[in-house]
Amino acid sequence: MPKLIPIPTRITAAGNKPKLIDEYIGRVNSDEARLSIAHMRSPSGWVEPGQTPEFDEFTVVIKGCLRVAHKAGQMDVAAGQAVMTLGGEWVQYSTPHAEGAEYLAVCLPAFSPNTVRRDSP
């Protein structure tokens with residue numbers, strides 16, 4: 001039988017500025033470990049610590065622009081575009097442009113603070 005997810009759970013975000021993360025499906029909101037789906041909104045100037053996660057991440061940008069730094073450089077992912085990152089590769093997300101960004105992120109397996117492996121400060 002289908003299971004309705006009536007509301008997301010607000011997750012505390014890492015980074016230098018407040019960012020909104022609403023998890024609809026995942027370990028916190030639906031007790032789902034296979035994957036997570038979150039709606040994110042980050043302000044202009046937001047940057048999070050680099051990470052080498054153990055999960056793959058698929059991100060679709062809805063509004064604004066998301067910057068993805070990686071070992072070979074960086075790319076800007078604009079509204080209407082998507083980016084895939086694989087577990088085990090270093091990445092760092094930020095929103096340096098004036099409009100910030102709104103995006104959906106799907107992690108496989110589900111996001112966990114224990115498997116994101118953020119860089120040490």
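Overview of the structure. None of these values were measured; they are calculated from a predicted model.

### Notes on the overall build of the protein chain
Alright, step 1. Of regular secondary structure, the protein chain possesses zero helices and nine strands.
Alright, step 2. Taken from the N to the C terminus, the helices and strands of the protein chain come in the order β-β-β-β-β-β-β-β-β.
Alright, step 3. In summary, the protein chain has a C-alpha radius of gyration of 14 Å against a globular reference of 14 Å for 121 residues, a match within 12%.
Alright, step 4. Viewed in the frame of its principal axes, the protein chain has a C-alpha envelope of about 45 × 30 × 25 Å.
Alright, step 5. Among the 121 residues that make up the protein chain, the fraction classed as buried is 39%.
Alright, step 6. Contacts spanning at least 24 positions in sequence make up 66% of the contacts within the protein chain whose residues lie at least 6 apart.

### Overview of the nonpolar core
Alright, step 1. Ranked by internal contacts, the top residues of the largest apolar core, which has 15 residues, are M40, L66, V68, Y93 and Y103.
Alright, step 2. Breaking this core down by element, the ones donating at least two residues are β3 (36–42), β5 (56–70), β8 (91–95) and β9 (101–108).
Alright, step 3. Residue contacts for Y93: discarding those within four places in its chain leaves W46, V47, E48, Q51, E57, L66, R67, V68 and T85.

### Remarks on the state of the cysteines
Alright, step 1. Per the stated rule, a full pass over the model turns up zero disulfides.
Alright, step 2. The cysteine C65 is free of any disulfide, with C107 supplying the nearest cysteine sulfur at 19 Å.

### So, the pattern of salt bridges
Alright, step 1. All told, the structure shown has seven salt bridges when counted by the stated rule.
Alright, step 2. The salt bridge partner of R34 is E32, with a shortest N-O separation of 2.7 Å.
Alright, step 3. Exposure remark for E32: the relative accessible area of 17% places this residue in the buried category.
Alright, step 4. One salt bridge connects K63 with E102, and the closest N-O pair in it is separated by 3.8 Å. In this pair, K63 sits in strand β5 while E102 sits in strand β9, placing the two residues 39 residues apart along the sequence.
Alright, step 5. With a relative accessible area of 52%, K63 lands in the exposed category.
Alright, step 6. On the basis of relative accessibility, which here comes to 15%, the residue E102 falls in the buried class.
Alright, step 7. Connected via shared salt-bridge partners are R10, D22 and R41.

### Points about unusual backbone geometry
Alright, step 1. The residue after L108, namely P109, is reached through a cis peptide bond having omega -5°.
Alright, step 2. Along the chain, P109 turns up in the segment after β9.
Alright, step 3. We note that D31 has phi near 55°; this positive angle belongs to a residue other than glycine.
Alright, step 4. Note on placement: D31 falls in the loop between β2 (20–25) and β3.
Alright, step 5. For R117, which is not glycine, the phi torsion reads 50° and is therefore positive.
Alright, step 6. Along the chain, R117 falls in the segment after β9.
Alright, step 7. Judged by its relative accessible area of 40%, R117 is partly exposed.

Criteria and cut-off values
Residues numbered from 1 in each chain as written. Predicted model: local features only at pLDDT ≥ 70, side-chain atom pairs only at ≥ 80, totals over all residues. Heavy atoms only, no water. Helix = DSSP H or I, 4+ residues; strand = E, 2+ residues; numbered from the N terminus. Rg over C-alpha atoms; globule rule 2.2 N^0.38 Å. Buried < 20%, exposed > 50% of the residue type's maximum accessible area, 1.4 Å probe, protein only. Contact = heavy atoms within 4.5 Å. Core = buried A, V, L, I, M, F, W, Y, C linked by side-chain atoms within 4.5 Å. Disulfide = S-S within 2.5 Å. Salt bridge = Lys/Arg side-chain N within 4 Å of Asp/Glu carboxyl O.

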